[in-house]
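Chains, contacts and geometry: an overview
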Amino acid sequence: MKIKPFAVEEWMNKYENGAKYNIAETCVDSISLDELFAFTKEDKEKVLNDFASKRLTYGDITGSSTLLEGISKLYRTIGKDEIVLTHGAAGANHHVFVSLVSPSDHVISIMPTYQQLYSIPESIGADLDVMKLKEENGYLPDLEELERLLRKDTKLIVLNNPNNPTGALMPQSMLHEIVSMAKSVDAYLFVDEVYRHLTQEDIWSESVADIYSKGISTSSMSKVFSLAGIRMGWIATHDKTALDAFFSHRDYDLISCGMFDDMVASICLRHSDVILNRNKNIVRENLAILDKWIEENPHFRYIKPDAGTTALIRYDFSIPSFEFAKTLYDKTGAFVTPGSCFGEERCFRIGYGCDREVLIKGLDALSKFADSLS
């Protein structure tokens, strides 16, 4: 299978570990096991001793009841038997495509977004239409354009909500309109919801899996719960045909997700409100810092994110985005992601879920770098 190089991951793999100020990171400031136990008040010694005594088998093949119950509580209507565990959200997204899409199936996706969401169906040989999200629309889908792209044989509509890299969050009314469009042609509506719950306002962020029988949600413990190191993700849907396909393909691709990962995720989700409150505070305080910086630096502009951990920042310099980001990195140690990784130019993605001081110092380095270009 031929597939295009994964631009954003290749960029991160090559430069992330050497960054002085990593403001490209998309997870909310990651936590250690010690911090997890401190936040949740679980008995660390007992939990670890109990785990250490277990034989390291495959464990619960489809996931422990505790973990599945914790995930189901993140939705309004999803039951424990409607969740398929995967290796991170990356594994979940890949699994959806390879389980449901065949060559020549009509798929509608978007840009900019995480490259998996268009490059994987393209590599399978799908008949792919890509809808461009525009700055003038707040990076929200153009429903008239979507309607034009929709066909009677459309198999899958693919979205990312909240959006990476822009932080745009679809209003519930828009999501319901898109559900109606998908329903009109009996298409699946697949939404990567890996940043769901990280809203700037105290609102319930609707999941497509709760409002449409053929809605498919993917997510993970990485971004929202600060536990990327355990590589735990999932797919949630009510659709039995899709679930049967996911579980069938899972036997070939996954087997199980690992006993340790299951245990750590279960602990976190038993106390999901504690971790979510911590992480919402981080992204809200840090976005206020970023927003003030935008106001004070006229070379840059953005559409202020409504949710998630990322923003797409445009600049008025004539430098291509890769050269901008690489020169910034080489001269200051500040690390951002070039817009070219998302098919956009004269812009970069910033992650504002990082440690507060890292964000402040990284933005200061950006300001000084911009001064040197003026």
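Here the residue numbering is sequential within each chain, running from 1 through the sequence in written order. Confidence filtering applies because this is a predicted model: local features only for residues at pLDDT of at least 70, side-chain atom pairs given and counted only at 80 or more, and all residues used for totals across whole chains, interfaces and linings. Heavy atoms throughout the structure, all of them, feed into the side-chain values; hydrogens and water do not.

Let's shift gears to the overall build of the chain. The helix and strand labels rest on DSSP assignments: H or I over at least four residues marks a helix, E over at least two residues marks a strand, and numbering proceeds from the N terminus. Helix and strand content of the chain: 14 helices and 13 strands. Computation of the radius of gyration draws on C-alpha atoms alone. For the globule rule, the value is 2.2 Å times the number of residues to the power 0.38. For 374 residues, the compact-globule estimate of 2.2 N^0.38 gives 21 Å, and the C-alpha radius of gyration of the chain, at 20 Å, lies within 12% of that figure. Within the chain, the fraction of its 374 residues that count as buried is 59%. Pairs of residues are marked as contacts when any of their non-hydrogen atoms sit within 4.5 Å. Relative to all contacts within the chain whose residues are 6 or more apart in sequence, the contacts with residues 24 or more apart total 73%. Per-residue and other accessible areas were derived by the Shrake-Rupley procedure at a 1.4 Å probe size, with only the shown protein chains allowed to occlude residues. For the chain, the accessible area works out to roughly 15800 Å², and carbon and sulfur atoms hold 50% of it. To sort residues, take the accessible area from a 1.4 Å probe on protein chains only and compare it with the maximum for the residue type: under 20% means buried, over 50% means exposed, and anything in between is partly exposed.

The next point concerns the sheet that holds strand β5 (residues 154-160). Strands are treated as partners if at least two bridges between them are detected by DSSP. Here seven strands make up an open sheet; going across it, the order is β2-β8-β7-β6-β5-β3-β4 and the pairing mixed. Looking along the sheet, the strands with just one partner apiece sit at the ends: β2 (83-86) and β4 (127-132). Each strand of the sheet is rotated relative to its neighbour by a mean of 20°, with strand direction disregarded. Relative to strand β8 (residues 233-237), strand β7 (residues 215-220) runs antiparallel, the two sharing five bridges. Each residue of the ladder has a partner; that of Ile216, found in β8, is Thr237. In this fold helix α6 (residues 116-124) packs onto β3 (106-111), β4, β5 and β6 (188-192), with an angle of close to 150° to the strand it touches most, β3. For helices, the axis comes from a line fit to the C-alpha atoms of the stretch in contact; other axes are also lines fit to C-alpha atoms, and the angle between any two N-to-C directions lies between 0 and 180 degrees. The sheet strands contacting helix α10 (residues 240-253) are β2, β6, β7 and β8, and the helix crosses β2 at an angle near 30°.

Patch membership requires more than 30% relative accessible area and the absence of a salt bridge. Residues of like charge join within 9 Å; the nonpolar side chains Val, Leu, Ile, Met, Phe, Trp and Tyr join within 5 Å. Counted as salt bridges are all cases of a side-chain nitrogen of Lys or Arg within 4 Å of a carboxyl oxygen of Asp or Glu. Together, Tyr58, Ile61 and Ile255 line one region of the surface with nonpolar side chains, adding up to about 300 Å² of accessible area. Accessibility expressed as a relative area gives 36% for Ile255, which makes it partly exposed.

A few words on the sheet that holds strand β12 (residues 337-338). Spatial ordering of the open sheet is given by β9-β10-β13-β12, a layout of four strands whose pairing is antiparallel. Bordering the open sheet on either side are β9 (300-302) and β12, each of which pairs with just one other strand. Of the pairings in the sheet, the one linking β9 to strand β10 (residues 310-315) comprises three bridges and is antiparallel in character. Looking at the pairing, Arg301 lines up with Arg314 of β10. Sheet strands touched by helix α12 (residues 272-296): β9, β10 and β13 (347-351). Its angle to β9, the strand with the most contacts, is close to 130°.

This part is about the packing of helix α13 (residues 321-332) against helix α14 (residues 356-373). Contact geometry for α13 and α14: axes closest at 10 Å, N-to-C directions at 110°. Relative to α14, the element α13 is oriented roughly perpendicular. As for the relative orientation of α13 and α14, their crossing is right-handed in sense. Across the interface between the two elements, Phe324, Thr327, Leu328, Lys331 and Thr332 from α13 touch Ala365, Leu366, Phe369 and Leu373 from α14. Note that Gly is not counted as nonpolar here; it falls among the polar residues with everything else outside the nonpolar set of Ala, Val, Leu, Ile, Met, Phe, Trp, Tyr, Cys and Pro and the charged set of Asp, Glu, Lys and Arg. Of the residues that constitute the contact of α13 with α14, the class distribution is six nonpolar, two polar and one charged. Note that the term roughly parallel is reserved for angles under 35 degrees, roughly antiparallel for angles over 145, roughly perpendicular for angles of 65 to 115, and oblique for everything else. Each crossing gets its hand from how the near helix is turned against the far one by less than a right angle, where anticlockwise is left-handed and clockwise is right-handed.

Let's shift gears to the state of the cysteines. In plain terms, two cysteine sulfur atoms within 2.5 Å form what is called a disulfide here. A full pass over the atoms with the stated rule returns zero disulfides. Cysteine Cys268 remains unbridged, with the sulfur of Cys27 as its closest cysteine sulfur at 13 Å. With a relative accessible area of 0%, Cys268 lands in the buried category. As a non-bridged cysteine, Cys354 has Cys27 as the owner of its nearest cysteine sulfur, 11 Å distant.

Right, let's talk about helix α11 (residues 259-270) for a bit. Spanning 12 residues, α11 covers 16 Å between terminal C-alpha atoms, matching the ideal 16 Å at 1.5 Å per step. Within α11, 10 of the 12 residues are buried, leaving the element largely enclosed by the surrounding structure. Those residues of α11 lying buried are Met259, Asp261, Asp262, Met263, Val264, Ala265, Ser266, Ile267, Cys268 and Leu269. In this fold, the buried residues of α11 make contact with α2 (33-40), α3 (44-52), α4 (65-72) and α12. How far a helix is expected to stretch is found by multiplying one less than its residue total by 1.5 Å.

This part covers the pattern of salt bridges. The full count for this structure, using the stated rule, is 22 salt bridges. Between Arg278 and Asp29 there is a salt bridge, and its shortest N-O distance comes to 3.9 Å. Residue Arg278 is found in helix α12, and its partner Asp29 is found in the loop between β1 (21-22) and α2; the two are separated by 249 residues along the sequence. Residue class for Asp29 comes out partly exposed when judged on its relative accessible area of 26%. Between Glu296 and Lys292 there is a salt bridge, with the nearest N and O atoms lying 2.5 Å from each other. Here the residue Glu296 and the residue Lys292 both occupy positions in helix α12, the gap between them amounting to four residues, near one helical turn. Each of the salt bridges in this network shares a partner with another, and the network as a whole consists of Lys132, Glu135, Arg301, Arg314 and Glu344.

Ring pairs shown here join Phe, Tyr and Trp side chains whose ring centres sit within 6.5 Å, with only the six-membered ring taken for Trp; geometry is labelled stacked below 30 degrees between planes, edge-to-face above 60, and tilted in between. Within this structure, the stated rule accounts for 17 aromatic pairs. For the pair Trp11 and Tyr15, a centre-to-centre distance of 4.7 Å together with 55° between the ring planes defines the contact as tilted. Pair noted here: Trp11 and Tyr15 are both in helix α1 (residues 7-15), with a separation of four residues, about one helical turn. The class for Trp11 is buried, based on a relative accessible area of 3%.

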